[in-house]
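# Report on the structure
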Amino acid sequence: MTTAAAAPIRRPLDPVELRVAVQGMTCASCVNRIERFLKKTPGVEDAVVNLATETATIRYLPDLAGRAELVGAIEAAGYDVRERTDEDLEAARADLAAELDLDTAARAREARQTLVQALVSIAVAGGIMLAMFWPQTSIAMTDINRAVLLPATFIQFWAGRRFYRAGIRAALHRSADMDTLIAIGTSAAWAYSVFVTFWPDVINEAGLHPETYFDSSTVIIGLVLLGRWLEARAKGQASGAIRRLVGLQPRTARVVRGTVEDEVPLEAVAAGDLLRVRPGAKIPVDGIVVEGTSAVDESMLTGEPLPVTKSPGDGVIGATVNTTGAFVMRATRVGRETALAHIVELVERAQGSKAPIQRIADRVSEIFVPAILAIAGLTFIVWFVAGPEPRMTFALTAFIAVLVIACPCAMGLATPTAIMVGTGNGAESGILVRSGEALEIAGRTTTVVFDKTGTLTVGKPRVVEASLAPGFDLPELLDLAGSLEKGSEHPLGAAILARAREDELGFQPVAKFTAIVGHGVEGVVSTESGDRRVLAGSGRLMLGRGVDIEPLAAPTATAAEAARTQVYVAVDGRIAGLLAIADPVRPGSRAAVGELSAAGLDVWLVSGDAAGTTAAVAREVGIAPDHVLAEVLPAQKAAQIAELQAAGRTVAMVGDGINDAPALASADVGLAIGSGTDVAIEASDITLVGGDPRAVAAAIALSRATMRTVRQNLFWALAYNVVLIPVATGALFPAFGILINPALAAGAMAFSSVAVVTNSLRLRRFDARPGGRRVRR
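Reference entry: report on the structure contained in this document. Starting from 1, residues in each chain are numbered consecutively following that chain's sequence as written. Totals for whole chains, interfaces and linings use every residue, but because this is a predicted model, local features are given only for residues with pLDDT of at least 70 and side-chain atom pairs only at 80 or more, for both listing and counting. Hydrogens and waters are ignored; side-chain quantities use all the structure's heavy atoms.

With that settled, the discussion passes to the environment of Arg82. Under the DSSP-based scheme used, a helix requires at least four consecutive residues in state H or I and a strand at least two consecutive residues in state E, with every element numbered from the N terminus. When you line up the elements, Arg82 lands in the loop between strand E4 (80-81) and helix H3 (86-94). Taking the C-alpha atoms as reference points, Arg82 and Thr55, separated by 27 residues in sequence, lie 9.8 Å from one another.

As a further point, take the packing of helix H7 (residues 178-198) against helix H13 (residues 358-386). Where H7 meets H13, the axes come as close as 9 Å, and the angle between the chain directions of the two elements is 20°. Put simply, H7 runs roughly parallel to H13. Between H7 and H13, the contacting residues are Met178, Leu181 and Ile184 on the first element and Val369, Ile372 and Leu373 on the second. Working convention: axes come from line fits to C-alpha atoms, limited for helices to the stretch in contact. Angles between N-to-C directions cover 0 to 180 degrees. Should an angle fall under 35 degrees it is taken as roughly parallel, and over 145 as roughly antiparallel, whereas 65 to 115 is taken as roughly perpendicular and any remaining angle as oblique. Contact definition: two residues touch when any of their heavy atoms are within 4.5 Å.

All right, on to the sheet that holds strand E10 (residues 308-310) then. A pair of strands is considered paired only if DSSP assigns at least 2 bridges between the two. Read from one edge of the open sheet, 3 strands run E10-E9-E12, paired in antiparallel fashion. Since the sheet does not close on itself, it has two edges, and those belong to E10 and strand E12 (321-322), each with one partner. Of the pairings in the sheet, the one linking strand E9 (residues 294-297) to E10 comprises 3 bridges and is antiparallel in character. By the bridge assignment, Ser294 is partnered in E10 with Lys310.

Here we take up the side chain of Glu440. In this fold, Glu440 is placed in helix H16 (residues 436-443). Residue classification places Glu440 among the buried residues on the basis of a relative accessible area of 10%. Contacts of Glu440, omitting those with residues within four sequence positions, involve Ala355, Pro356, Ile357, Ser703 and Met707. Partly exposed residues are those whose accessible area sits between 20% and 50% of the maximum for their type, while under 20% is buried and over 50% is exposed, using a 1.4 Å probe and protein chains only.

Centre distance within 6.5 Å is the pairing criterion for rings of Phe, Tyr and Trp, where only the six-membered ring of Trp is used; planes under 30 degrees apart are then read as stacked, over 60 as edge-to-face, and the remainder as tilted. Scanning the entire structure with this criterion turns up 12 aromatic pairs. With centroids separated by 5.1 Å and ring planes inclined at 10°, the aromatic side chains of Phe154 and Trp158 adopt a geometry described as stacked. Residue Phe154 and its partner Trp158 are both found in helix H5 (residues 141-158); the two are separated by 4 residues, about one turn of the helix. In this structure Phe154 comes out as partly exposed when scored by relative accessible area, which is 45%. Owing to a relative accessible area of 23%, Trp158 belongs among the partly exposed residues under this scheme. Between Phe195 and Trp199, the aromatic rings sit 5.1 Å apart at their centres with planes inclined by 40°, giving tilted as the arrangement. Cluster of aromatic residues (ring-pair linked, three or more members): Phe157, Tyr164 and Trp190.

Tracing the backbone through its elements, the reader meets Ser187 in helix H7. Ser187 sits in the buried class, given a relative accessible area of 18%.

This part is about H5. Look at H5: 25 Å from first C-alpha to last across 18 residues, which is about the 26 Å you get at 1.5 Å a residue. Here H5 has its buried residues at Ile144, Asn145, Val148, Leu149, Ala152, Ile155 and Gln156. Working rule for helices: expected span equals 1.5 Å times residues minus one.

If you want it as structure tokens, here you go:
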């Protein structure tokens, strides 16, 4: 009897992320509606829409939803997705700059169209105003009204059609946005003016003043469009960090094929190609040096101004600058796989994310437009019923002013523009922020916990001090010890050999090499003066072999106090010197701790290393003894983080992103010290490229400056509406005779959005470099 084979169990696919460009958004209510429609789509786990970048970032399950369904949800909400051709997408995959160029060109076209419509509308409005003031002794007002009807109508439905299109789509989805307010306000002014133009007698019989508002409807459209053009221009400046990063890469590369060199477009370079990099040229892609030696300026990636020497076997990063010699490299990562591409992706992700403080604007915007429509309607009724003559003029003026002056756009831009500029500024200084939430939390940090090895220290043992016995000099000591240690695989031996090679020593032949497990090494080093019997190792080894180390008693005590590992060197049975080895503190560590302490933060050191070594590093960098924990396992580091959090602290953990992953993940915000090729450490919220600990203080200072700007923007946006909407209703008219003209209301509305974006742009002046000057914004 046969049985049917069991059907294989199909595992659901992991969530994927899609970013699309959205057209037609004008305010925070647009953002909320698109997010609402996306989140209702089956398979969508999360959706974040950013007004400043005009993008939607969607996390979804690909076996339940696809791009077509997601685009359909955006279109169902009443907005368009900027689609690209297959050729465009292929170019974007091959060339990091292509995708950015496509978006920039599309937005530039939209901005030019907006500017043209704004200028034509304002010019027509100016002509209508001149006609309105024309002496009626020569031309009757009814004739003037008929003369300006055609240009006013043209502006209403040519330049103003975008407001109708968006407003109608919003209405079809039982919603309303900023375009709805503009469409209703200008339509009311235009429609009433048309009625007055054709039926002035009806208006007179009703006891109303036959006044037209063609100038108001046209100038409002013109000023609103001019404001949107200024806003788009400012948003373009805010997103300039990505353009500047992408602009760092060269557009061509020199490919070496045998004895022939060809200059080819960057997108034609493939992994494995040999590339020649000339002095002064930018390195085209990531790779490994295979021939030649040079110094490379990596400041664009690390913020470190001093060039780094590169020799065969060393890695190089695309977009960094070759300064002196020429070399040949083998391409290892190209296109979207390069370090620069990863940085751009991280910046785009951060700029498209939301900070928790954005929820304030989201909640307000949900009810903002409906509330404004209700206030405007009530304003019209009160003025028409109880206002002075001409009642219709006052009622319509106040009605239009309320609709036009309200600005949900400023609230929608308050947070994302600041985050866009802040994260872009950080990326240009080697601070890669993963999300707006991480940026906000970093600003609230009260306690910073450092790992030791690889974070405050270099992470590699080095000879930090050499002491000599009488009769020996340093070159002789390093040459003999370095030559002997060539045969050792111990990290201490590698440190001694590296120190010898710095002075081009340690190349003598060695015979009878023996490793004494746990103690040291010995052998016979051949020199020009003859064979020398060399012994290198611990004090116990020296004493066991009858070597007197008393001549080095003083440096031995000093090294022990500093918790440095001591390697004695004896030559021909006589003590020759003492090499003190330690993992040296990074040059900027002490300054980093000082900056953080000066900023009011508690600084802790938590390490798995021995207590003496950890305490010595803490003393050297300026961390208080009661804030030091040693001999701590990775899981215990996470527990210590939790203990500090339980005490009410907001904790930032700084580590190398590998052994410290549990602590980085459990901290409120994790900051990973990364190298040039390590730009996407998954366990961290913020990656500090280059390894300078001072970048921790810079990151926190940048976060605080960014969130300060966000709060300023939100205050301005909310205060603007809270103060000016009542003024627009005519609340000041009974006491002071003040009533806002609709044209002034349109100008004020446009100014509010531009002011928010301009305030965010001030963050570009913030010095986010490690050790940079911090200017309070």
